[in-house]
Amino acid sequence: GVAARNAKTYLLGTCFAILLQQRGNLVLHASAVAVEGRAVLFCGASGAGKSTMAALLCRHGHALLNDDVCNLIPGPGDTYAVQPDGRMLKLWSSSLDQLDWQPEPEMAVRDDIDKFFIAPPAIEPQPQPIGAIYILRDTPTVQPPAITPLRPLDAVLALKANAYRPGLLDAMQLQDSYFRASAALHRSAGVFALSRPRDFSASGDLIAALECHWESLLRRDILSSSAL
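To continue, consider helix α2 (residues 50-59). Along α2, 9 of the 10 residues are buried, which leaves the element largely enclosed by surrounding structure. Lys50, Ser51, Thr52, Met53, Ala54, Ala55, Leu56, Leu57 and Cys58 are the residues of α2 that are buried. Gly61 sits one or two residues past α2 and shows a positive phi near 110 degrees.

Further remarks concern the layout of surface pockets. Taken as a whole, the largest pocket encloses approximately 750 Å³ of empty space. Lining the largest pocket are 37 residues, and of these Gly47, Ser51, Lys90, Trp92 and Lys115 sit closest to its centre. Its residues assigned to classes, the lining of the largest pocket comprises 13 nonpolar, 14 polar and 10 charged.

Here helix α4 (residues 152-161) crosses helix α6 (residues 175-188) at 125 degrees, and the two axes come no closer than 9 Å. Comparing the axis directions of α4 and α6 gives the class oblique. For the crossing formed where α4 meets α6, the hand is right-handed. Judged by residue contacts, Pro152, Ala155, Val156, Leu159 and Lys160 of α4 engage Gln175, Tyr178, Phe179, Ser182, Ala183, Leu185 and His186 from α6. The residue inventory of the contact of α4 with α6, partitioned by class, reads 8 nonpolar, 3 polar and 1 charged.

We now examine the environment of Tyr178. By secondary structure assignment, the location of Tyr178 is in helix α6. The class of Tyr178 is buried, set by a relative accessible area of 2%. With 96 residues separating them along the chain, Tyr178 and Val82 place their C-alpha atoms 16 Å apart. When neighbours within four sequence positions are excluded, Tyr178 is seen to be in contact with Gln21, Asn25, Leu26, Val27, Lys160, Ala163 and Leu169.

With that out of the way, let us pick up the pairing of strand β7 (residues 128-139). Of all 12 residues in β7, 9 are buried, a share of seventy percent or more. Note: strand β2 (residues 38-43) against β7, 5 bridges, orientation parallel. Counterpart to Leu41 in the pairing with β7 is Ile133. One ladder, built from 2 bridges, connects strand β4 (residues 80-82) with β7; its direction is antiparallel. Note on β7: the bridge partner recorded for Ala81 is Pro129.

Before going further, it helps to spend a moment on the nonpolar core. Core analysis: the largest hydrophobic core is formed by 35 residues, its most contacted members being Leu41, Leu72, Val82 and Ile130. If you tally residues by element for this core, the top one is strand β1 (residues 26-35), at 6 residues.

Moving on to the side chain of Asn25. Turning to its location among the elements, Asn25 is positioned in the loop between α1 (4-22) and β1. On the accessibility criterion, Asn25 (16% relative accessible area) is buried. A distance of 2.9 Å separates the side chain of Asn25 from the side chain of Asn71, its partner in a polar contact. Beyond its immediate sequence surroundings of up to four residues, Asn25 is in contact with Leu20, Asn71, Leu72, Ile73, Pro74 and Tyr178.

With that settled, consider the confidence of the model for the protein chain. Per-residue confidence for the protein chain gives a mean pLDDT of 89, with 97% of residues at or over 70. Within the model, pLDDT remains below 50 along residues 223-228, and this stretch shows 0 contacts once partners closer than five positions in the same chain are excluded.

Attention now goes to the packing of aromatic side chains. If you walk through the whole model with that rule in mind, you get 2 aromatic pairs. Considering the side-chain rings of Tyr134 and Phe192, the 5.8 Å spacing of their centres and the 35 degrees angle between planes classify their relative orientation as tilted. Here the residue Tyr134 occupies a position in strand β7, and Phe192 occupies one in strand β9 (residues 191-197), the gap between them amounting to 58 residues. Each of the two residues, Tyr134 as well as Phe192, counts as buried. Ring-pair connections join several aromatic residues into one group, and the members of that group are Phe42, Tyr134 and Phe192.

Procedures and definitions
Residues numbered from 1 in each chain as written. Predicted model: local features only at pLDDT ≥ 70, side-chain atom pairs only at ≥ 80, totals over all residues. Heavy atoms only, no water. Buried < 20%, exposed > 50% of the residue type's maximum accessible area, 1.4 Å probe, protein only. Helix = DSSP H or I, 4+ residues; strand = E, 2+ residues; numbered from the N terminus. 1 Å grid on protein atoms, 1.4 Å probe; cavity = no way out; pocket = protein on both sides within 12 Å on 5 of 7 lines; lining within 4 Å. Points joined across faces, edges and corners; volume = space filled by probe spheres on them. Nonpolar A, V, L, I, M, F, W, Y, C, P; charged D, E, K, R; others polar. Axes fitted to C-alpha atoms, helices over the stretch in contact; angles between N-to-C directions. Parallel < 35°, antiparallel > 145°, perpendicular 65-115°, else oblique. Left-handed = near helix turned anticlockwise from the far one by under 90°. Contact = heavy atoms within 4.5 Å. Pairing = 2+ DSSP bridges. Core = buried A, V, L, I, M, F, W, Y, C linked by side-chain atoms within 4.5 Å. Polar contact = N/O pair within 3.5 Å; in protein donor to acceptor, adjacent residues only side chain to side chain. pLDDT = per-residue confidence, 0-100. Phe/Tyr/Trp six-rings, centres within 6.5 Å; stacked < 30°, edge-to-face > 60°.

If you want it as structure tokens, here you go:
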């Protein structure tokens, strides 16, 4: 008695995430875009603006890696890469209005919510090493965007809280592996709080702040490579 559209959302969300976790992957509730050969992730609870952040950056010329179910595969040392999955963006109609994108009724995510699948302008087909992870936080409109590095313990707790369906970690006995993986991500990529107003008129300042931060991270990596 369940519509295929509604069943598909559950199968490609919770069920898909469980399968990935059973294979030893780290799965975050995040969106990810490709920036200069690196993956940039935006984590947050439902409604935090993950998909909207990815949409803004896609409209600004960056390619989508994935949305909502972010599959991280381990690499050498402490590194992880984001595995693209070809998913579309999932955006509320209010966000689509602000982005001047027109939803198609047949692309509704579910029958009972005003949310739609939207194809991004570009999709990155290859896995990308993680360059930075941002935990989304809201600020009053009058405050400019701010990016703050999280301390190691705060970063680990934030990433565990943003696992896809964190309540499953206990049931699947994944607490220890997520703790170790989160610590490795903090060491190799960095975890940052991104505080910004939920106001589309401030999106230019937000993108400028992110691009400035990416340049600083690139300089840091260049200096680290030179020291080695």
